[in-house]
Amino acid sequence: MRRNHRHLLRLATVLAMFLAVSLAAAAAPSEPLLAREAPDWAELIGPPPAPDSRQAHEDLAILLWVQRTRSKSDADRIWAAVSPGVGSFQQAIGTILLPEQYPKLYAAVQDALDASTPVFSTLKSKWKRPRPTSIDPRVEPCTPTPSSGSYPSGTAMLGVVAGRLLADLIPTRQEGIRARADEIAELRVAAGVHFPTDVEAGSKLGEALADEILASEGWASRRAALADELAILENRLQGAGTR
């Protein structure tokens, strides 16, 4: 009976968190974060290395070397970075950020990630680069391999976008946040699901997308709507720093 009660309590907590973020998203500013006349993202990052090219062989060699040095703690960090978002940066920010406490923050960053996702999805479909496991049987991923193309890395891109936006919102923690974004990208190679050039392209794409979002009126309005939550968070961080 107690076990069932604990299960129901956990379920209620998850539902409450989901409801808080959903309500915040519904009430959030709706201005677009990316212009309809988007830059040529494909031209920005260029195509992946040609099969059997020197760069492609170097890509594989680096991946296999990283795989040989991958530890259990690396695998744990890889799993913690599979889905970039506000929660991925809590340690870098220096405090626990629960969705029900900061629903507008979660909603604003998620809006940006949702707006950015079609960009990498389109490019993956354009180039259809095979995943590392399809290139060499020696590759042993420690997370499930997505069915989408390998180039560019969407996780690296989203990690950079989330990191740039959080660094803008919480400038006192920007150094650690940017370092965490770089780590999220690099861990995709350690996971065995991306080549280094996939990650480089994804990170470059993320930087360009973040520039567009940060310069948009949509982000300015969302940032303004976040003022109350950011003030609470900053006070919390200052209090933690004086202990």
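A brief structural summary.

Considerations on the packing of helix H6 (residues 103–127) against helix H8 (residues 154–169)
Argument step 1. Relative orientation of the contacting elements H6 and H8 amounts to 150°, with a least axis distance of 9 Å. Put simply, H6 runs roughly antiparallel to H8. Helix-helix and strand crossings are classified by hand; for H6 and H8 the assignment is right-handed. Along its contact with H6, which presents Leu105, Val109, Ala112, Leu113, Ser116, Thr117, Phe120 and Lys124, the element H8 presents Gly154, Met157, Leu158, Val161, Ala162, Leu165, Leu166 and Leu169.

Digging into the packing of H6 against helix H10 (residues 196–214)
Argument step 1. One way to put it is that H6 packs onto H10 with a least axis distance of 11 Å and a crossing angle of 140°. On the basis of their axis angle, the class for H6 and H10 is oblique. For H6 against H10, the interelement crossing comes out right-handed. Of H10, the residues touching H6 (which contributes Ala112, Ser116, Val119, Phe120 and Leu123) are Leu205, Leu209 and Ile213.
Argument step 2. When grouped by side-chain class, the residues that make up the contact of H6 with H10 number seven nonpolar, one polar and no charged.

Considerations on the environment of glycine 46
Argument step 1. On the secondary structure map, glycine 46 appears in the loop between helix H2 (41–45) and helix H3 (54–68).
Argument step 2. C-alpha of glycine 46 to C-alpha of proline 152: the two residues are 106 residues apart in sequence and 9.9 Å apart in space.

Section: the nonpolar core
Argument step 1. The biggest cluster of nonpolar side chains holds 58 residues, and the ones touching the most others in it are Phe89, Leu97, Leu105, Leu205, Leu209 and Ile213.
Argument step 2. Of all the secondary-structure elements, those providing two or more residues to this core are H2, H3, H6, H8, helix H9 (174–191), H10 and helix H12 (227–241).
Argument step 3. With near-sequence residues (within four places) excluded, phenylalanine 89 lies in contact with Gly159, Ala162, Gly163, Leu166, Ile177, Arg180, Ala181 and Ile184.

Re unusual backbone geometry
Argument step 1. The omega torsion across tyrosine 151 and proline 152 is -5°, close enough to zero to call that bond cis.
Argument step 2. Looking at where proline 152 falls in the secondary structure, it is placed in the loop between helix H7 (132–135) and H8.
Argument step 3. Located in the positive-phi region is aspartate 52, a residue other than glycine, with phi close to 70°.
Argument step 4. Relative to the assigned elements, aspartate 52 resides in the loop between H2 and H3.
Argument step 5. The class of aspartate 52 is exposed, set by a relative accessible area of 66%.
Argument step 6. A positive phi angle, close to 50°, is found at lysine 128, a residue other than glycine.
Argument step 7. Structurally, lysine 128 is set in the loop between H6 and H7.

Quick word on H6
Argument step 1. Taking 1.5 Å as the rise per residue, H6 with 25 residues should run 36 Å; its terminal C-alpha atoms sit 37 Å apart, in good agreement.
Argument step 2. A maximum bend of about 25° is found in H6 at serine 116, where proline proline 118 lies one to four positions downstream.
Argument step 3. Positive phi shows up at lysine 128, right after H6, with a value of about 50°.

Conventions we followed
- Residues numbered from 1 in each chain as written.
- Predicted model: local features only at pLDDT ≥ 70, side-chain atom pairs only at ≥ 80, totals over all residues.
- Heavy atoms only, no water.
- Axes fitted to C-alpha atoms, helices over the stretch in contact; angles between N-to-C directions.
- Helix = DSSP H or I, 4+ residues; strand = E, 2+ residues; numbered from the N terminus.
- Parallel < 35°, antiparallel > 145°, perpendicular 65-115°, else oblique.
- Left-handed = near helix turned anticlockwise from the far one by under 90°.
- Contact = heavy atoms within 4.5 Å.
- Nonpolar A, V, L, I, M, F, W, Y, C, P; charged D, E, K, R; others polar.
- Core = buried A, V, L, I, M, F, W, Y, C linked by side-chain atoms within 4.5 Å.
- Buried < 20%, exposed > 50% of the residue type's maximum accessible area, 1.4 Å probe, protein only.
- Expected span 1.5 Å × (residues − 1).
- Bend = angle between axes of the 7 residues up to and from the residue.

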